[in-house]
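Summary of structural features
Here is what each chain is made of, one letter per residue.
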Amino acid sequence: MEFRPLHGTFGAEVVGVPPDLQVNDAEFRRIEEAWFKYSILLFRGLTMTPDQHVAFTRRFGPLHIMKEHLNATLPGWPEVFVVSNAIKDGKPIGLKRAGEGFHTDGEDKQIPNAGSFLYAIEVPPERGDTLFVDMYSVYAALPADVKRQLAGKRARFSRIDLHNVHYPLLPPLTEQQKLERPDVYHPLLRRHPRSGRTSLYLGRWACDIEGMPQAEGRALIQYLVAFAQQPRFIFRQAWRVGDAVLWDNRCTQHCATGFDDERHVRIMYRTTLEGDVPLMATPEPIAA
Ligand code: SIN
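Residues numbered from 1 in each chain as written. Predicted model: local features only at pLDDT ≥ 70, side-chain atom pairs only at ≥ 80, totals over all residues. Heavy atoms only, no water.

1. Some points on the overall build of the protein
Test applied: Only DSSP runs of H or I with at least four residues qualify as helices, and only runs of E with at least two residues qualify as strands; both kinds are numbered from the N terminus onward. Note on method: radius of gyration uses C-alpha positions; expected globular size equals 2.2 Å times residues raised to 0.38. Burial here depends on accessible area, computed with a 1.4 Å probe over protein chains only, as a share of the maximum for the residue type. Under 20% is buried, over 50% is exposed, and the range in between is partly exposed.
Within the protein one finds 7 helices and 19 strands. For the protein, whose C-alpha radius of gyration is 19 Å, the value lies close to the compact-globule estimate of 19 Å for 288 residues. Counting only C-alpha atoms, the protein reaches 55 × 45 × 35 Å along its principal axes. Expressed as a percentage of the 288 residues in the protein, the buried residues total 52%.

2. Quick notes on the environment of Arg154
Short version of the rule: By the convention used here, residues are in contact when the closest approach between their heavy atoms is within 4.5 Å. Polar contacts here mean pairs of N or O atoms no more than 3.5 Å apart (in protein, one a potential hydrogen donor and the other a potential acceptor; neighbouring residues in sequence count only if both atoms are side-chain atoms).
In this structure, Arg154 sits in strand β10 (residues 154-157). In sequence terms Arg154 and Pro182 are 28 residues apart; their C-alpha atoms lie 16 Å from each other. Excluding residues that lie within four positions of it along the chain, Arg154 makes contacts with Tyr185, His186, Pro187, Leu188, Asp208, Ile209, Glu210 and Met280. For Arg154, the side chain forms a polar contact with the side chain of Glu210, separated by 2.8 Å.

3. Some points on the site of the ligand
So the rule is basically this: Neighbouring residues are identified by heavy atoms, a residue being near a molecule or strand if any of them is within 4 Å of it. Note that accessible areas follow from Shrake-Rupley with a 1.4 Å probe, and for residues the cover is restricted to the protein chains shown. For this classification, the nonpolar set comprises Ala, Val, Leu, Ile, Met, Phe, Trp, Tyr, Cys and Pro, the charged set comprises Asp, Glu, Lys and Arg, and every other residue, Gly included, is treated as polar.
Residues in close proximity to the ligand include Val83, Gly99, His103, Leu118, Thr130, Trp247, His254, Ala256, Arg266 and Arg270, which together make up its full environment. One of the side-chain nitrogen or oxygen atoms of His103 is found 3.2 Å away from an oxygen atom of the ligand. Contact distances for the ligand include 2.7 Å between an oxygen atom and a side-chain N or O atom of Arg270. For the ligand, whose free accessible area comes to 260 Å², the fraction covered by protein is 99%. Grouping the constituent residues of the shell around the ligand by class yields 4 nonpolar, 4 polar and 2 charged.

4. Section: the state of the cysteines
The bond known as a disulfide is covalent and runs between the sulfur atoms of two cysteines. The following threshold applies: We call a pair of cysteine sulfur atoms a disulfide whenever their separation is within 2.5 Å.
Throughout the structure, instances matching the rule amount to 0 disulfides. In this structure Cys207 is not part of a disulfide, and its nearest cysteine sulfur, from Cys255, lies 19 Å away. Looking at Cys207, the relative accessible area reads 7%, which means it is buried. Free cysteine Cys251: the closest other cysteine sulfur is in Cys255, separated by 17 Å. On the basis of relative accessible area, Cys251 is assigned to the buried category, the value being 1%.

5. Some thoughts on unusual backbone geometry
Most peptide bonds adopt trans geometry, and most residues besides glycine take a negative phi value. Here Asp89, not a glycine, exhibits a phi torsion of approximately 50°, which is positive. You can see Asp89 is positioned in the loop between β6 (87-88) and β7 (91-92). Using a relative accessible area of 74% as the deciding quantity, one classes Asp89 as exposed. In this model, Arg127 sits at a positive phi of 65°, which is unusual for a non-glycine residue. One can find Arg127 in the loop between β8 (115-122) and β9 (130-134).

6. Let's talk about the sheet that holds strand β4 (residues 73-74)
Note the cut-off: Strands qualify as paired when DSSP identifies two bridges or more between them. Each axis is a line fitted through C-alpha atoms, taken for helices only over the stretch in contact, and angles between the N-to-C directions span 0 to 180 degrees.
Strand order in the open sheet formed by 8 strands is β1-β2-β3-β16-β8-β18-β5-β4, and the pairing between neighbours is mixed. Every other strand in the sheet has two partners, leaving β1 (2-5) and β4 as the edge strands with one partner each. Pairing geometry for β8 and strand β16 (residues 244-248), over 5 bridges, is antiparallel. If you follow Phe117 over to β16, its bridge partner there is Leu246. The sheet contacts of helix α1 (residues 25-38) involve β1, β2 (12-15), β3 (40-43), β8 and β16, and relative to β3 the element is tilted by about 125°.

7. What about the packing of aromatic side chains?
The following threshold applies: Here a pair means two rings of Phe, Tyr or Trp (six-membered ring of Trp) with centres within 6.5 Å. Their orientation is stacked below 30 degrees between planes, edge-to-face above 60, and tilted elsewhere. In this analysis the charged atom, NZ for Lys or CZ for Arg, is taken to sit over a ring once it is within 6 Å of the ring centre and within 35 degrees of the ring normal.
Counted according to the given criterion, the structure contains 14 aromatic pairs. Measuring from centroid to centroid gives 5.9 Å for Phe43 and Phe56, while their planes differ by 80°, and the two rings are edge-to-face. With Phe43 in strand β3 and Phe56 in helix α2 (residues 50-58), this pair connects stretches of sequence that are 13 residues apart. Judged by its relative accessible area of 0%, Phe43 is buried. You can call Phe56 buried: its relative accessible area is 2%. With 5.8 Å between their ring centres and 35° between their planes, Phe227 and Phe233 make a pair best called tilted. Residue class for Phe233 comes out buried when judged on its relative accessible area of 4%. Grouped by ring-pair contacts, the aromatic residues Phe28, Trp35, Phe36, Phe43, Phe56, Phe60 and Phe117 constitute a single cluster. Over the face of the ring belonging to Tyr139 we find Lys147, whose NZ or CZ atom lies 4.8 Å from the ring centre. We note Arg197 situated over the ring of Tyr136; from NZ or CZ to the ring centre the distance is 3.9 Å.

8. Some details on helix α5 (residues 159-166)
Just so we agree on the cut-off: It is the directions from the helix axis to the C-beta atoms that the arc portrays.
Those residues of α5 that fall on the buried side of the exposure criterion are Arg159, Leu162 and His163. In a view along the axis of α5, the buried residues occupy a sector of 130°, so they form one face of it. Summarising the contacts, the buried residues of α5 are in contact with β10 and β14 (206-209). N-capping of α5 is provided by Ser158, with a side-chain oxygen placed 3.4 Å from the backbone N of Ile160.

Okay, here's the thing in structure tokens:
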């Protein structure tokens, strides 16, 4: 087994594993260690069945079921969330245009998802890529005064405030939906429970910063969002059928990009890991 770096700071392609990912415990441990080291792992040429996809992901921890999108899961496998524009027997087989906009899975919940494993079943002939951001490098590159400003701070993640911004074509949230998706607060500087490293923890539902005047917090979030989206921090995954990427939501962001979904079909199967309460990082003293 070999890990070939994909980008200057993060990501590796895993070479030399069986296409159904049935690996022994020693091999699995090497993959898991590599995941904590590289944050995203790319596997190519896979031929996993849904059972194998679920079984491999489950070795990393308990799986999350997308209860709010049960009609977009694979029939018989509620753990497999389908991201797709395909229609079968007059019905969508999955969620269309899911994952557009930089985010981390479950960032708007008290306990966000630790990781996700996305497998390409059918891809368009062009575009439909996924962008990944190395949030450890983003944190490391922030100016010292910004790091100081963020230390000990939490961002407010709010579906209620940003639903209309991100989903202008959907109906507004009902009062019941608002009750079900209350605002949550997460540390902006997050310590990874396994690597111990600090990343900037941010996503598209972050709107302002606890304890800071709202306009100032918003402006800082907007600055951080733009800072994190610089091309130097991004790896672009151009999918081929049989590719799968396992990403760590605690230290990366990702974003699906568009394609001509009137002409082409894209079918992706995603398993999702349950997570842990985000840990506040205590950054090393930063020189004035
Ligand atoms: C996701 O955000 O889980 C989906 C990403 C993609 O479809 O590229």
